[in-house]
Number of protein chains: 4
Amino acid sequence: MTLIADTEPTVFETVESEVRSYCRSWPTVFERASGSRLFDEHGRPFLDFFAGAGSLNYGHNNPALKRPLLDYLGGDGITHGLDMSTTAKRRFLETFRSTVLAPRALPYKVMFPGPTGTNAVEAALKLARKVTGRTTVVSFTNAFHGMSLGSLALTGNAGKRAGAGVPLSHTAQMPYDHYLGGRVPDFLWFERLLEDSGSGLDHPAAVIVETVQGEGGVNAARAEWLRGLADLCRRRDMLLIVDDIQMGCGRTGEFFSFEEAGITPDVVTLSKSISGYGLPMSLCLFRDELDVWEPGEHNGTFRGNNPAFVTATAALDTYWRDTALRDRTLRRAATVEAALGELGAGTAPRGRGLVWGVEFADGERARAVCRRAFELGLLVETSGPGDEVVKLLPPLTVTDDELDEGLGILARAVRHTA
Amino acid sequence: MTLIADTEPTVFETVESEVRSYCRSWPTVFERASGSRLFDEHGRPFLDFFAGAGSLNYGHNNPALKRPLLDYLGGDGITHGLDMSTTAKRRFLETFRSTVLAPRALPYKVMFPGPTGTNAVEAALKLARKVTGRTTVVSFTNAFHGMSLGSLALTGNAGKRAGAGVPLSHTAQMPYDHYLGGRVPDFLWFERLLEDSGSGLDHPAAVIVETVQGEGGVNAARAEWLRGLADLCRRRDMLLIVDDIQMGCGRTGEFFSFEEAGITPDVVTLSKSISGYGLPMSLCLFRDELDVWEPGEHNGTFRGNNPAFVTATAALDTYWRDTALRDRTLRRAATVEAALGELGAGTAPRGRGLVWGVEFADGERARAVCRRAFELGLLVETSGPGDEVVKLLPPLTVTDDELDEGLGILARAVRHTA
Amino acid sequence: MTLIADTEPTVFETVESEVRSYCRSWPTVFERASGSRLFDEHGRPFLDFFAGAGSLNYGHNNPALKRPLLDYLGGDGITHGLDMSTTAKRRFLETFRSTVLAPRALPYKVMFPGPTGTNAVEAALKLARKVTGRTTVVSFTNAFHGMSLGSLALTGNAGKRAGAGVPLSHTAQMPYDHYLGGRVPDFLWFERLLEDSGSGLDHPAAVIVETVQGEGGVNAARAEWLRGLADLCRRRDMLLIVDDIQMGCGRTGEFFSFEEAGITPDVVTLSKSISGYGLPMSLCLFRDELDVWEPGEHNGTFRGNNPAFVTATAALDTYWRDTALRDRTLRRAATVEAALGELGAGTAPRGRGLVWGVEFADGERARAVCRRAFELGLLVETSGPGDEVVKLLPPLTVTDDELDEGLGILARAVRHTA
Amino acid sequence: MTLIADTEPTVFETVESEVRSYCRSWPTVFERASGSRLFDEHGRPFLDFFAGAGSLNYGHNNPALKRPLLDYLGGDGITHGLDMSTTAKRRFLETFRSTVLAPRALPYKVMFPGPTGTNAVEAALKLARKVTGRTTVVSFTNAFHGMSLGSLALTGNAGKRAGAGVPLSHTAQMPYDHYLGGRVPDFLWFERLLEDSGSGLDHPAAVIVETVQGEGGVNAARAEWLRGLADLCRRRDMLLIVDDIQMGCGRTGEFFSFEEAGITPDVVTLSKSISGYGLPMSLCLFRDELDVWEPGEHNGTFRGNNPAFVTATAALDTYWRDTALRDRTLRRAATVEAALGELGAGTAPRGRGLVWGVEFADGERARAVCRRAFELGLLVETSGPGDEVVKLLPPLTVTDDELDEGLGILARAVRHTA
């Protein structure tokens, strides 16, 4: 099957940089999207189990968000607002407070960094360092926190780290849950380093963690491990930052992925699905008493992406005033787990809510599965240090039929590539 | 005049972080915007001579861009596309090639980093370091290149630098044009450091420069200084990066602010007004032979902000297929300069195209001018290391009457605060 | 007992910096020394079980070294020679080759850095980074490698690290043998980090290790752990640097402390007892094929301390042409271990050869033991992250009687402070 | 003339590392030395106008120092004393106070770092950073402060910097006196950076300077420039560190090279000639109120090199209780300057006291002059970023005849290589 004619190079090949990547895995030109499906310019549909790397938890062009967005833009609402006060921002803040913060009794202030995940992480790092007066931030093996220099120093992937072109410093890596195969008590090494003034670990300002490592290969930490980490942070005077950029906004069931563990981080980063519509937006949340910023001490031109406030408000109103979405996500976790368990891949499927990973023997096989799935009309991608894990991130709004359809295609792709 | 009742704290005060800043200068709640004007929730109009810090060169909700955007969103075009190939991206690339690159014979590849300026700068730094295998990047006094850790190391402002919480390294600062009051030949110090192997300056990978420093106080480099810099970079084997995030997209007249000087940088960063509609978008452009990226070596979730591609395409089609906008901007430069020259502030007005600065004795006075202007219905802000410069960035689409009106209000604000 | 009258402050108190330390533990003024004994200005003798922190393995003013030194100085031999070729250096090199390198078939080149341990470590780091083109060097918990900035980044002690005043970077810490209480297989964590490209550990240039950590609390690695480390370095392409500054020159029995484990490091640092007479001298040894230095690429004014070459040559001639010293040291290890085992301190004594540690409940007790020992005429000091370990480093030339005497005093000091 | 037979490689070539350098310039094997002369193993004399790179200001094996040293060693004085109080250290401290500190009313405490220059510089950096809580230290173009990582970051030479293998940071370079050819007012650039909060220069902890840059090419700062620098440091709250390692101990006339300018630095480093006999020793001096060290916060095994204390005491007693040496050095400066002025090299000779440089067209010529001088029996070396400066550092105790003889040989070497 040839999706792009090889007669002459396209503008993507002649003008766009070699850095482009997903377009190589999915060699067609997309035009429209609706709910769980993308359509290419020839009208061919693709079931989307990648969901913008977790940015489209409510599906593509969700009508409940689209209507308010079109009204807002049609009515000449503010599009670009720096950090001016706007009615759109006010509605978002009020809604975020009433649907997210208040019900969970979370004592957070809300900061709008530049509207990408890495900007939120950079803000969190600055704040943690400012509050504590220390420099070291601890992250975990196979973590991914972004590509700007501060965030990249926390990221595990060797290739991405090498891209920095300068040494990455002021960070230390600790083993994520399961990393040492269950042969070592949780936090034995980390706590030993902290308690021993001769360990060489400078007292960290903070620890940053993903509850489920998406880019790292869908590694899901146990709730007790997360509780142990929160306890360690409290006892050893380190701020706990949960990077909920990919796993927040309901991906694992609850709005925040850390709720299941019953912990309250000091700082939380959100992005990806917070706007609900795929529009750039990010938040940095932190305990009220940590709000020691000077005005403008961290800023960014697009930190007031007002159209995103509008869709974010609609998404919260639609999906987070009751527990329906959460309940459905948690129910579907079992469906997905069962289906993946029958794939016969190298290891058991792993995940939570609607983020799942299937590990294969190597990256070559996993990539072949994704290629074949694409040919069969399903978008999925690999993750993990060696690309050996096929990652599933369907929209949370996926229908039962779509879910079955996608899992069926995946099963065929696995068989075809055996 | 009381714009916000002090009866009880607003949600901005109770929920939003103390880091907010512009909302403090302009104490009202904005709701709508059109062309050169913003309207607050009470319907009060404000003439906008800040234009989203240069992100709204074509004004607010420009109808020529709004129509295609509403059509695109209404028709369920792709909103979030990572770096998949989409029809919206193709149209943008083709249009950018035909209206921007080809007419200027610029040999650039186009990279889409995360859609904020600092992400584009971080990408440029990585590329320069990768291509050259060196680490040091030179920036200039009073430069502003962004707030993530890599960009912040290039930024001059002491307060913003201190926010990093870690030492900022792998950079060196050189004097910008005029910095030493004309008492020193251009590049005497810089070239001496480069030619002397005992100078302690490690051979730089690149030099990054703004042709006009916006945040730094509207310092406009002379064309001959820029040519001298380009020549120095060529002779001394350093890449020249022009950060055209604020000054590009026609702000100084030509599409790129460096065109007037007749130079061709190796790398160019664009953001702010590139989408034309205030939507987050950024580009990193570089010579074809520098395109040594591995696929995905630098990435970001929102690098394919397709609605922004739509408005960006419309903006290029509308304003950059002929020279009308450019010609008008250049003509108006004279109008603004003349008007500002009569303000009687401390020094002569400075600027190019439609970016101008008026320096006052100190930051207190300049802030008072901006406060008074706000009361009189004009949005302007200060810049410079001590906030001593009032900066004017009207939309390029401002009408003659609006321009006169704004300049008149400014004159009154200056008189009232004398 | 008052050793220093408190009538008026001494020149040590009024002129010497507060940074002085040992003089606080041993409050008297020393004048002469011979063999295992120091004498203060009142003629009071002290048995020296500290031996210049391992710099006086052959005792004070050893006659076999003193004679050639006096002859050399009396005959106007070169004292200061930079790195000129001198007859004294030639004799040292020839003797070092014939007594140390050749019998052990060690393929090393010899470098003379500045004559302190930290200078040798800095040289080793530079070389490892130059040879591999990488930056990260791995050290171990509770390591001590020196106080200049490069070495300090490898050192574990929090107080000493804090003294840097800048972040210490380009290093990573791994658990030393026994660090996790035997609950974790050797190198499980280290190897996992190396094999996983997503671990966040940048591929190290080298690993630096002490076979027995002196400052760290007399932690003695098992031979099999050292072999495992050497194997790991070989398999994972990292240079192995043994810092034998304190444990080399026979302290553990063999000339090099790593001989017992049967490993051959890529790089070895020596200092302290290499001159044999307490004169500043240090060496950096490395495999022939690693000798990629440019002439003068690392240098230092006192790298040719010729009087030290003279005593070093005499020491090698006297003690390393046969195995008598080694055999005696190994025999005495058993004596010391047995005596210490009867002290009833918190844990079993630990050590090898003639370096031993006795751990007490806390630093307060250990310091009390040392203070009492001083009053009883024995010089010993604490080590370990909390100063909780009393460290014994008698001269290797100590007599049987002196050894018994010292161990007896120590036992009394322990009893008196119980 | 063949000084070393090329029959078979020497032990220097087969065993010593390629890093050796001076032995390449002076290809013979030295054996003895006395006063201003070295003798090789064949008895051939060489007049020494290099003086151990400034470590032998009182000549080789000066009898006034040799006698006390032999007595001390012969009488079993303490050789290695860590930082214990010893009678030798007391005599040194008392003598240093009475001959150096008190007559000049210098309010300094004395610290003994590891006995090499770079260790003293590392100590000074730590102290400056600790006292101020800041990280940046400013050094000057063509500075040389040592080879360990902290000092190397202050050093200008590109080759030596590259040897670090890691980026050198937390420093900034400023133009030394004359660096910009007199075309720029002193400190224009430096002060502008300091006064402008947007300059990108983080407020420095300290400035470190050599009054005459020896390695950098014998660049002698004017007294008024040094006074300007001291004034700048005072006004802008930066500590002033004078690195007097090569230029102190009378090299420029006065004991400290900064005395002529009438300034009092906050911190001073001394090494090289402080022991007077070529024995490793170094000092870090600082104002009493800066003595904020914790005990042992910076240490080093050989910081109590007691034989060096003995010769240092003798040197101070012999040469610094009156002004005879100083007067003679200042007189001879004129002799040397006149003689060098007749060499007809590229530029005028430069220097102060008994440190002088003659610049040639390029390094090749300067090296040829040194080679020819060696053949004619004179030891001189090149310096400067391109090795283009022949540097003269005769012992201060050189006789009139020796001085004439050396200058005569140099003149012949210049003629022979023309």
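What counts as what
Residues numbered from 1 in each chain as written. Chains lettered and ligands numbered in written order. Predicted model: local features only at pLDDT ≥ 70, side-chain atom pairs only at ≥ 80, totals over all residues. Heavy atoms only, no water. Helix = DSSP H or I, 4+ residues; strand = E, 2+ residues; numbered from the N terminus. Buried < 20%, exposed > 50% of the residue type's maximum accessible area, 1.4 Å probe, protein only. Contact = heavy atoms within 4.5 Å. Areas by Shrake-Rupley, 256 points an atom, 1.4 Å probe, with all protein chains shown as cover. Lys, Arg positive; Asp, Glu negative; His and termini not counted. Charge placed at Lys NZ, Arg CZ, Asp CG, Glu CD. Axes fitted to C-alpha atoms, helices over the stretch in contact; angles between N-to-C directions. Parallel < 35°, antiparallel > 145°, perpendicular 65-115°, else oblique. Left-handed = near helix turned anticlockwise from the far one by under 90°. Buried area = accessible area lost by both parts, 1.4 Å probe. Salt bridge = Lys/Arg side-chain N within 4 Å of Asp/Glu carboxyl O. Polar contact = N/O pair within 3.5 Å; in protein donor to acceptor, adjacent residues only side chain to side chain. Nonpolar A, V, L, I, M, F, W, Y, C, P; charged D, E, K, R; others polar. Pairing = 2+ DSSP bridges. Least-squares fit on C-alpha atoms with pLDDT ≥ 70 in both. Phe/Tyr/Trp six-rings, centres within 6.5 Å; stacked < 30°, edge-to-face > 60°. Lys NZ or Arg CZ within 6 Å of the ring centre and 35° of its normal. Expected span 1.5 Å × (residues − 1).

Trainee: Got a sec to walk through the overall build of chain A? Specific residues and values, please.
Mentor: Check the secondary structure of chain A and you find 14 helices and 17 strands. With the principal axes as the frame, chain A shows a C-alpha extent of 60 × 55 × 45 Å. Within chain A, buried positions represent 68% of all 418 residues. Pairs at least 24 residues apart make up 73% of the contacts formed inside chain A by residues separated by at least 6 positions. Of the roughly 12,600 Å² that chain A leaves accessible, carbon and sulfur atoms contribute 47%. Looking at charge distribution, chain A has the averaged site of its 44 positive side-chain charges lying 2 Å from that of its 53 negative ones.

Trainee: I'd like a rundown of the packing of helix 5 (residues 87-101) of chain B against helix 11 (residues 306-319) of chain B, residues and numbers included.
Mentor: Residues and elements named next belong to chain B. Contact geometry of helix 5 with helix 11 gives a least axis separation of 9 Å together with a crossing angle of 30°. Relative to helix 11, the element helix 5 is oriented roughly parallel. Crossing of helix 5 over helix 11 shows left-handed handedness. Two secondary-structure elements touch here, helix 5 through A88, K89, R91, F92, T95, F96, T99 and V100 and helix 11 through N306, F309, V310, A312, T313, L316 and D317.

Trainee: So what about the interface of chain C and chain D? Which residues, and what values?
Mentor: Reports of interface size often rely on the accessible area that becomes lost once the parts have come together. Of the residues lining the interface, 102 residues belong to chain C; the matching set on chain D comes to 102 residues. For the pair chain C and chain D, the summed buried surface comes to about 8,800 Å²; carbon and sulfur atoms form 61% of the total. Here chain C and chain D share 8 salt bridges between them. We note a salt bridge from E18 of chain D to K109 of chain C, for which the minimum N-O separation is 4.0 Å. The interface formed by chain C and chain D contains 50 residue pairs in polar contact (both at pLDDT 80 or more). For the side of chain C that touches chain D, the residue count by class is 43 nonpolar, 33 polar and 26 charged.

Trainee: Any details on the sheet that holds strand 15 (residues 378-379) of chain D? Residues and values, ideally.
Mentor: Read from one edge of the open sheet, 4 strands run 1-2-3-15 (chain D), paired in mixed fashion. Of all the strands in the sheet, just strand 1 (30-34) and strand 15 of chain D have a single pairing partner and so form its edges.

Trainee: Would you mind going over the relation of the copies chain A and chain B in detail, with residue names and values included?
Mentor: When chain A is fitted to chain B, the residual RMSD is 0.0 Å, and the transformation amounts to a turn of 180° plus an axial shift of 0.0 Å. Such a combination of rotation and displacement between the chain copies is what one expects of a two-fold axis. Among all C-alpha atoms of chain A, that of L149 of chain A lies closest to the rotation axis, at 2.6 Å. When the interface residues of chain A are mapped onto chain B, 100% of them again fall at the interface, so both copies present the same face.

Trainee: Give a description of the packing of aromatic side chains that names residues and reports values.
Mentor: For the structure shown, the criterion picks out 78 aromatic pairs over all chains. Arranged with centres 5.0 Å apart and planes meeting at 55°, the rings of F112 of chain B and F309 of chain B form a pair that is tilted. Placement of the pair is F112 of chain B in the loop between strand 4 (108-111) and helix 6 (117-132) and F309 of chain B in helix 11, with a sequence separation of 197 residues. Ring geometry for F255 of chain B versus F256 of chain B: centroids 4.9 Å apart, planes at 90°, classification edge-to-face. Of the two residues, F255 of chain B and F256 of chain B, both sit in the buried class. Taken together, the ring pairs connect F92, F96, F112, F255, F256, F258, F309 and W320 of chain A into an aromatic cluster. The ring of F39 of chain B is capped by R32 of chain B, whose NZ or CZ atom sits 4.6 Å from the centre of that ring. Its guanidinium or amino end placed over the ring of Y179 of chain D, R192 of chain B lies 4.0 Å from that ring's centre, counting from NZ or CZ.

Trainee: Explain the pairing of strand 7 (residues 206-209) of chain C to me, using residue names and the numbers behind them.
Mentor: Residues and elements named next belong to chain C. Residues A206 and I208 line one face of strand 7 and the alternating positions V207 and V209 line the opposite face, and both faces are buried. In this sheet, strand 7 lies alongside strand 5 (residues 137-140) in parallel orientation, the contact comprising 2 bridges. Directly across from V137, in strand 7, lies its bridge partner A206. Two elements, strand 7 and strand 10 (residues 239-243), share 4 bridges in a ladder whose sense is parallel.

Trainee: Tell me about helix 5 (residues 87-101) of chain C, and please be specific about residues and values.
Mentor: Helix length check: helix 5 of chain C, at 15 residues, gives a terminal C-alpha distance of 20 Å against a target of 21 Å (1.5 Å per residue), a fit within 8%. Among the residues making up helix 5 of chain C, those that are buried are T87, A88, K89, F92, L93, T95, F96, T99, V100 and L101 of chain C.

Trainee: A description of the sheet that holds strand 16 (residues 381-383) of chain B should follow, citing residues and the corresponding values.
Mentor: All names here are of chain B. Overall, antiparallel pairing links the 4 strands, which are arranged 13-14-17-16 in an open sheet. Looking along the sheet, the strands with just one partner apiece sit at the ends: strand 13 (350-352) and strand 16. Pairwise comparison of adjacent strand axes, ignoring direction, gives a mean angle of 25° for this sheet. Alignment of strand 13 against strand 14 (residues 355-359), held across 3 bridges, turns out to be antiparallel. Bridging from a neighbouring strand, R352 pairs with V355 of strand 14. Helix 12 (residues 324-341) rests against strand 14 and strand 17 (389-392) of the sheet, and its axis sits at about 10° to strand 14.

Trainee: An account of the pattern of salt bridges is needed here, citing residue identities and associated values.
Mentor: The final tally for this structure, using the stated rule, is 136 salt bridges over all chains. As a salt-bridge pair, R303 of chain B and D83 of chain B come within 3.3 Å of each other at their nearest N and O atoms. A residue pair is termed long-range when its members are at least 10 positions apart, and R303 of chain B in the loop between strand 12 (283-287) and helix 11 and D83 of chain B in the loop between helix 4 (63-74) and helix 5 qualify at 220 residues. Neither residue differs from the other here; R303 of chain B and D83 of chain B are each classed as buried. Salt-bridge contacts for R326 of chain D lead to E254 of chain D; the nearest nitrogen and oxygen are separated by 3.2 Å. Pair noted here: R326 of chain D is in helix 12 (residues 324-341) and E254 of chain D is in the loop between strand 10 (239-243) and strand 11 (267-270), with a separation of 72 residues, a long-range link. On the basis of relative accessibility, which here comes to 24%, the residue R326 of chain D falls in the partly exposed class. Sharing partners across several salt bridges, the network here consists of E191, R192, E195, D231, R234, R235 and R236 of chain A.

Trainee: Got a sec to walk through the side chain of S273 of chain D? Specific residues and values, please.
Mentor: All names here are of chain D. Within the element layout of this structure, S273 appears in the loop between strand 11 and strand 12 (283-287). Judged by relative accessible area, S273 falls into the buried class, the value being 1%. From its side chain, S273 meets the backbone nitrogen of N57 in a polar contact 3.0 Å long. Excluding residues within four positions of it along the chain, S273 makes contact with G54, S55, L56, N57, Y58 and C249.

Trainee: How would you sum up the environment of T252 of chain C? Please name residues and give values.
Mentor: All names here are of chain C. In this structure, T252 sits in the loop between strand 10 and strand 11 (267-270). Residue T252 is classed as buried on the basis of its relative accessible area of 4%. In terms of polar contacts, T252 uses its side chain to reach the side chain of R352, at 3.5 Å.

Trainee: So what about the interface of chain A and chain B? Which residues, and what values?
Mentor: Every contact between the two is made by 102 residues of chain A and, on the other side, 102 residues of chain B. Interface area lost by chain A to chain B is led by V19, S85 and F302 of chain A, which between them contribute 8%. Across the contact surface, chain A and chain B share 8 salt bridges. Here K66 of chain A and D76 of chain B are joined by a salt bridge, their closest N and O atoms 2.8 Å apart. For the pair chain A and chain B, the interface holds 48 residue pairs in polar contact (both at pLDDT 80 or more). For the side of chain A that touches chain B, the element with the most residues is helix 5 (residues 87-104) of chain A, which contributes 7 residues. Along the lines of polarity and charge, the residues of the side of chain A that touches chain B split into 43 nonpolar, 33 polar and 26 charged.

Purely geometric stuff here, so don't read any function into it on its own.
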